[in-house]
Amino acid sequence: MGLSPPNLANRGASSVEAQDGCDQVSQQKASIEAASNSDQPSEPHAFEGSLALGMQDELDGSATDYLSPPIPGPDCDIFTYKDDKIIPSTLPTDLTRPYLLVNIGSGVSFFQVFDNRRCERITGSSFGGSALCGLLLLLTKARTFDEMLELADKGDNSNVDKLIGDIYGVDYTRIGMKMTAVASTFCKAFSKEHRSQYHLARTTSENEASETSGKPPFSDSDICHSLVFALFNNVGQLATLQSRVHDNADIYFTGPYVRGHPLIIKTLCIAVRYYSGGEKRAHVVSDPSFISEGDA
């Protein structure tokens, strides 16, 4: 985490050779395990950020986001979200190329992929996985990315975010937005009626806060759910805009921060479907071991 130069995500497009994504991850795992088991001291910059906080992001990929994007290969597991279910998807074919590949590492890189060995970096964003983890590390008690995702599963973002239903009371059919759509991330945390409660909860013990105001208005779980949704919804929107500019019908999401988590898969796919009006297809390259039986 945090291994790339600050300006890496903003470089112009260039043509690069790509590696099979799943094979690349395996190579990175092997090198990390070898380094951790070796008697020789490791390079401080390579492991300092992830191991110091236990973020388990040794496969962050930020040092190679630009030069070697992880192209989905035959050993990868790919999913999409359709009819309220996470279902298997397919690898890119000649008919779907060129496609847009979005690599979510410490930052986010967008690639136009022409074949398995050739792609072009289009643009990037600094608001990626490390930004998410950094914010949640400051705002919650979670200390690993997995803990953040676990909390997000338990949270209710409507306690923190202002929803369309909070404003209109019904679906906003004029622009096709449901009551549950987020109108403003973290808006309720800024509202006057919640500020004093939240400040009290953060400056007193849980027992004291409970006696005074019932319970804190926002839990760590609510905050995690809100920010995880906000980050991946934002990435999905950016990807949709880039796919329109470069005329890509298919968008593939990959990278160490995807992690095959149901909330992430749903958010990315729903974002692409909504922002493209159903014109673009979203696919998430992930590890099926993170998919629960109820979601698969």
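Residues numbered from 1 in each chain as written. Predicted model: local features only at pLDDT ≥ 70, side-chain atom pairs only at ≥ 80, totals over all residues. Heavy atoms only, no water.

Within an unreviewed UniProt entry, the label attached to the protein chain reads Pantothenate kinase, and the organism entered is Neonectria punicea.

Engineer: Honestly, the confidence of the model for the protein chain in this entry has me stumped. Any pointers?
Structural biologist: Regions with low pLDDT carry predicted coordinates that are not meant to be interpreted in detail. Predicted confidence across the protein chain gives a mean pLDDT of 75, with 64% of residues reaching 70 or more. The low-confidence segment residues 1–14, where pLDDT is below 50, has 38 contacts with residues more than four positions distant or belonging to other chains. (pLDDT = per-residue confidence, 0-100. Contact = heavy atoms within 4.5 Å.)

Engineer: Help me out: how do you make sense of the side chain of S226 in this one?
Structural biologist: By secondary structure assignment, the location of S226 is in helix α9 (residues 220–245). For S226, a relative accessible area of 0% translates into the label buried. Among the polar contacts made by the side chain of S226, one reaches the side chain of D161 at a distance of 2.6 Å. Setting aside chain neighbours within four positions, we find S226 in contact with N157, V160, D161, T185 and F186. (Helix = DSSP H or I, 4+ residues; strand = E, 2+ residues; numbered from the N terminus. Buried < 20%, exposed > 50% of the residue type's maximum accessible area, 1.4 Å probe, protein only. Polar contact = N/O pair within 3.5 Å; in protein donor to acceptor, adjacent residues only side chain to side chain.)

Engineer: Even after reading the chapter, I still don't get the packing of helix α4 (residues 145–154) against α9, so can you show me in this structure?
Structural biologist: The relative placement of two packed helices comes down to the angle between their axes together with the axis-to-axis distance. Contact geometry for α4 and α9: axes closest at 7 Å, N-to-C directions at 100°. By the criterion of interaxial angle, the relationship of α4 to α9 is roughly perpendicular. Every residue of α9 that contacts α4 at M148, L149, L151, A152 and K154 is listed here: D220, S221, C224, H225 and V228. Among the residues making up the contact of α4 with α9, the classes are represented as six nonpolar, two polar and two charged. (Axes fitted to C-alpha atoms, helices over the stretch in contact; angles between N-to-C directions. Parallel < 35°, antiparallel > 145°, perpendicular 65-115°, else oblique. Nonpolar A, V, L, I, M, F, W, Y, C, P; charged D, E, K, R; others polar.)

Engineer: How should the pattern of salt bridges be read in this particular structure?
Structural biologist: Where charged atoms from two side chains of opposite charge come close, those side chains can pair. Inspection of every chain in the model, using the stated rule, returns four salt bridges. Residue R97 is joined to D94 by a salt bridge in which the shortest nitrogen-to-oxygen separation is 3.0 Å. A relative accessible area of 21% places R97 in the partly exposed class. E150 is the partner of K154 in a salt bridge, and the nearest nitrogen-oxygen pair spans 3.8 Å. Here K154 and its partner E150 are both found in helix α4, four residues apart, which amounts to about one turn of the helix. For K154, a relative accessible area of 59% corresponds to the exposed category. (Salt bridge = Lys/Arg side-chain N within 4 Å of Asp/Glu carboxyl O.)

Engineer: What exactly am I supposed to notice about the state of the cysteines here?
Structural biologist: Should the sulfur atoms of two cysteines be covalently bonded, the bond is a disulfide. Counting across every chain of the model gives zero disulfides. The closest cysteine sulfur to the non-disulfide-bonded C224 is located on C133, 9.6 Å from its own sulfur. (Disulfide = S-S within 2.5 Å.)

Engineer: It is not clear to me how unusual backbone geometry should be interpreted in this structure. Could you clarify?
Structural biologist: Note the cis peptide between R97 and P98, where omega equals -10°. Within the secondary structure layout, P98 lies in the loop between β5 (85–88) and β6 (99–104). A positive phi angle, close to 55°, is found at D83, a residue other than glycine. The class of D83 is exposed, set by a relative accessible area of 64%. Notably, D247 is not glycine yet its phi reads approximately 60°, a positive angle. In this fold, D247 is placed in the loop between α9 and β11 (250–254).

Engineer: Sorry, what's going on with helix α10 (residues 262–275) here?
Structural biologist: An ideal rise of 1.5 Å per residue puts 20 Å on 14 residues; α10 measures up with 20 Å between its terminal C-alpha atoms. The set of residues buried in α10 consists of P262, L263, I264, I265, T267, L268, C269, A271 and V272. Phi turns positive one or two residues past the end of α10, at G277, with a value near 65°. (Expected span 1.5 Å × (residues − 1).)

Engineer: Could you clarify how one ought to interpret the packing of α9 against α10 in this entry?
Structural biologist: For the pair α9 and α10, the least separation of the axes is 8 Å and the interaxial angle reads 40°. It follows that α9 is oblique to α10 by the angle criterion. Relative to α10, α9 is oriented so that their crossing is right-handed. Here H225, V228, F229, F232, N233, V235, G236, Q237, T240 and R244 of α9 lie close against α10, whose contacting residues are L263, I264, T267, L268, A271, V272 and Y275. Along the lines of polarity and charge, the residues of the contact of α9 with α10 split into ten nonpolar, six polar and one charged. (Left-handed = near helix turned anticlockwise from the far one by under 90°.)

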